[in-house]
Amino acid sequence: MAVPSRAMFDCIVLGAGIQGSFTAYHLAKNHKKTLLLEQFPLPHSRGSSHGQTRLIRRAYAEAFYTNMMEESYQLWADLEKESGIKLYRKTGLLVIAPSGNEEFEMVCKNMEERHISWHTLTQEQCKQKYPGLCLKPGDVVCCDNEGGILSADKALRAVQEQFQKMGGVIRDGEKVKHIQPGPVVTVTTTSSVFEAEKLVITAGPWAQKVLGPLGLELPLKTLRINVCYWKEKIPGKSGLLQNFPTFLGIELNGEEHEVYGLSSQEYPGLLKICFHGGNEADPEERELQEKPNQIQDIQILCNFISEYLPDLHPKPAVVEQCMYTSTPDCNFILDHHPLHRNIVIGSGFSGHGFKLSPLVGKILCELSIGKQPLYDLKPFRITRFKSK
Ligand SMILES: Cc1cc2nc3c(=O)[nH]c(=O)nc-3n(C[C@H](O)[C@H](O)[C@H](O)COP(=O)(O)OP(=O)(O)OC[C@H]3O[C@@H](n4cnc5c(N)ncnc54)[C@H](O)[C@@H]3O)c2cc1C
């Protein structure tokens, strides 16, 4: 759609990843004239939202995320209905941890208290059902029965299309170079100038580069994530590609980190199994930043595969890259700019924001238009960083 330069909008959303796209969608649903700006031509694979798959689960140690997932599942179903595209596949999600692990116990407690469909499995039951998975003595397992897989790229496309159908405007290939705060915010891109009463910043790993000139320093770390895909030693033998649930491994194999896995839609026949974390990297130069003393994430994964999934080749067949933007407590930032209330910030999704993005978008929209969100946003406020 042709948009005159210096066009005026009710709201501008900066960044067309999954969070910005859902924010723009909810703004359009609320009849706000909305512009969604993206620095790269869409689709692109330089941020955090690309790829075919993401895990979805209610199995969280923090009760507030488990609570929020209720509405998030509903909003995913709404988008499926509106777009006619299937985005969620139920597989069940196994959570595996060494016995006595606190996080595991919190996950079970939350699911039990909230009457979520879940069950525990004994080692014997696991062995019978999933012979390709070799647990260590003392490992414990539970299953979030509604856990599964979201089709990420399809979801991003679907939400952007629905936004446009409601009259929303997307301008891609336009990097925001300058933001002039005020009662009307002026946003200058590489080729245009736009104005709006409200601005929402959902810039993913570029958040600090956008917020710095607005006088805000957030304790964000941008991490380069190696997305690894693994092949079976004998195709079809492991059973891991047929009816195997997705899984989340907490502190397994003597490591303090998490690993997760799912059958890949990207590469049929391969499993996507990743380390939940990575090494710090600038999003502009992520391929160039091999430094000493980094977390040996791929080696940790190779060790995990050898021990727990021995029917897979213990070296990845494919490695791709993605970015996390992490906060110190791994909770999101959903808040107003402390000095400019008509600027709202969604950031710090810390590698687990996709499943919640329909609700994150709704909350950012509500903050922007002055509606009271239904949730207690204390865990997501910017002020939490100052008091520590
Ligand atoms: C490998 C990997 C696996 C993950 N797995 C899961 C999972 O299983 N489940 C789950 O729930 N979550 C998962 N996540 C996390 C989830 O994908 C992210 O939380 C989510 O995608 C973050 O979206 P975003 O919109 O904040 O960021 P992004 O997708 O990075 O979007 C930000 C956008 O802003 C644009 N931008 C930045 N600066 C400017 C500017 N100046 N002008 C214009 N545009 C700009 C960028 O180009 C980018 O497109 C995973 C993430 C990764 C990397």
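The structure displayed is predicted, hence computed values, not measured ones.

Colleague: I would appreciate a short explanation of the overall build of the protein chain in the present structure.
Modeller: Tallying secondary structure elements over the protein chain gives eight helices and 20 strands in all. Here the protein chain has a C-alpha radius of gyration of 21 Å; the compact-globule value for 388 residues is 21 Å, and the two agree. Here the protein chain displays about 16900 Å² of accessible surface, and carbon together with sulfur accounts for 52% of that area. Positive and negative charge centroids in the protein chain, built from 43 and 44 side chains respectively, lie 4 Å apart.

Colleague: Please explain the layout of surface pockets as it appears in this structure.
Modeller: Empty space left among the atoms is revealed by rolling a probe the size of a water molecule over them. Taken as a whole, the second largest pocket spans an internal volume of roughly 290 Å³. Lining the second largest pocket are Leu42, Pro43, His44, His50, Asp153, Leu156, Arg157, Gln160, Glu161, Gln164, Ile170 and Asp172. The element contributing the most residues to the lining of the second largest pocket is helix α5 (residues 152–165), with six residues. Its residues assigned to classes, the lining of the second largest pocket comprises four nonpolar, four polar and four charged.

Colleague: How should I be thinking about the packing of helix α2 (residues 63–83) against α5 in this particular structure?
Modeller: The geometry of a pair of packed helices is captured by two quantities: the angle between their axes and the separation between those axes. The contact between α2 and α5 brings their axes to 10 Å, and the two run at 70 degrees. On the basis of the axis angle, α2 is roughly perpendicular to α5. The way α2 lies across α5 gives a crossing that is left-handed. Along the contact surface, α2 presents Trp76, Leu79, Glu82 and Ser83, while α5 presents Ala155, Ala158, Val159 and Gln162. Residues belonging to the contact of α2 with α5 are distributed by class as follows: five nonpolar, two polar and one charged.

Colleague: Please explain the site of the ligand as it appears in this structure.
Modeller: Around the ligand, the structure places 37 residues, and the nearest of them are Glu38, Ser49, Leu55, Cys322 and Lys355. Between Val176 and the ligand, the recorded distance is 2.9 Å, taken from a backbone N or O atom to a nitrogen atom. A distance of 3.4 Å separates a nitrogen atom of the ligand from a polar backbone atom of Gly351. Across the complex, the protein chains shield 97% of the 1000 Å² of accessible surface that the ligand would expose by itself. Those elements that place two or more of their residues in the shell around the ligand are α1 (18–29), β3 (53–56), β13 (221–231) and β18 (318–326). Among the residues forming the shell around the ligand, the class breakdown is 19 nonpolar, 13 polar and five charged.

Colleague: Even after reading the chapter, I still don't get the environment of Ala158, so can you show me in this structure?
Modeller: The topology assignment puts Ala158 in helix α5. Taking relative accessible area as the criterion, Ala158 reaches 1% and is therefore assigned buried.

Colleague: Help me understand the pairing of β3 in this model?
Modeller: Side-chain direction in a regular strand flips from residue to residue, so the side chains alternate between the two faces of the sheet. Burial along β3 is two-sided: Thr53 and Leu55 facing one way and Arg54 and Ile56 facing the other are all buried. Alignment of β3 against strand β8 (residues 148–151), held across four bridges, turns out to be antiparallel. Across the sheet, Ile56 pairs through a bridge with Gly148, a residue of β8.

Colleague: What is the right way to look at helix α7 (residues 297–308) in this model?
Modeller: Residues that lie three or four places apart on an α-helix share one face, since the helix turns once every 3.6 residues. Here α7 is 12 residues long and its end C-alpha atoms lie 16 Å apart, about the 16 Å a rise of 1.5 Å per residue gives. Here α7 has its buried residues at Asp297, Ile300, Leu301, Cys302, Phe304, Ile305 and Tyr308. Where α7 is buried, its residues meet β7 (139–144), β13, β14 (246–250), β15 (258–263) and β16 (270–275).

Colleague: For this particular structure, what's the right way to read empty space enclosed by the protein?
Modeller: In this structure the tally under the stated criterion is one cavity of 30 Å³ or more. In this model, the largest cavity occupies a volume close to 60 Å³. In terms of lining, the largest cavity is formed by Gly249, Glu251, Leu252, Asn253, Glu255, His257, Val259, Phe275, Ile300 and Phe304. Its residues assigned to classes, the lining of the largest cavity comprises five nonpolar, three polar and two charged.

Thresholds, definitions, all that
- Residues numbered from 1 in each chain as written.
- Predicted model: local features only at pLDDT ≥ 70, side-chain atom pairs only at ≥ 80, totals over all residues.
- Heavy atoms only, no water.
- Helix = DSSP H or I, 4+ residues; strand = E, 2+ residues; numbered from the N terminus.
- Rg over C-alpha atoms; globule rule 2.2 N^0.38 Å.
- Areas by Shrake-Rupley, 256 points an atom, 1.4 Å probe, with all protein chains shown as cover.
- Lys, Arg positive; Asp, Glu negative; His and termini not counted.
- Charge placed at Lys NZ, Arg CZ, Asp CG, Glu CD.
- 1 Å grid on protein atoms, 1.4 Å probe; cavity = no way out; pocket = protein on both sides within 12 Å on 5 of 7 lines; lining within 4 Å.
- Points joined across faces, edges and corners; volume = space filled by probe spheres on them.
- Nonpolar A, V, L, I, M, F, W, Y, C, P; charged D, E, K, R; others polar.
- Axes fitted to C-alpha atoms, helices over the stretch in contact; angles between N-to-C directions.
- Parallel < 35°, antiparallel > 145°, perpendicular 65-115°, else oblique.
- Left-handed = near helix turned anticlockwise from the far one by under 90°.
- Contact = heavy atoms within 4.5 Å.
- Near = heavy atom within 4 Å.
- Polar contact = N/O pair within 3.5 Å; in protein donor to acceptor, adjacent residues only side chain to side chain.
- Buried < 20%, exposed > 50% of the residue type's maximum accessible area, 1.4 Å probe, protein only.
- Pairing = 2+ DSSP bridges.
- Expected span 1.5 Å × (residues − 1).

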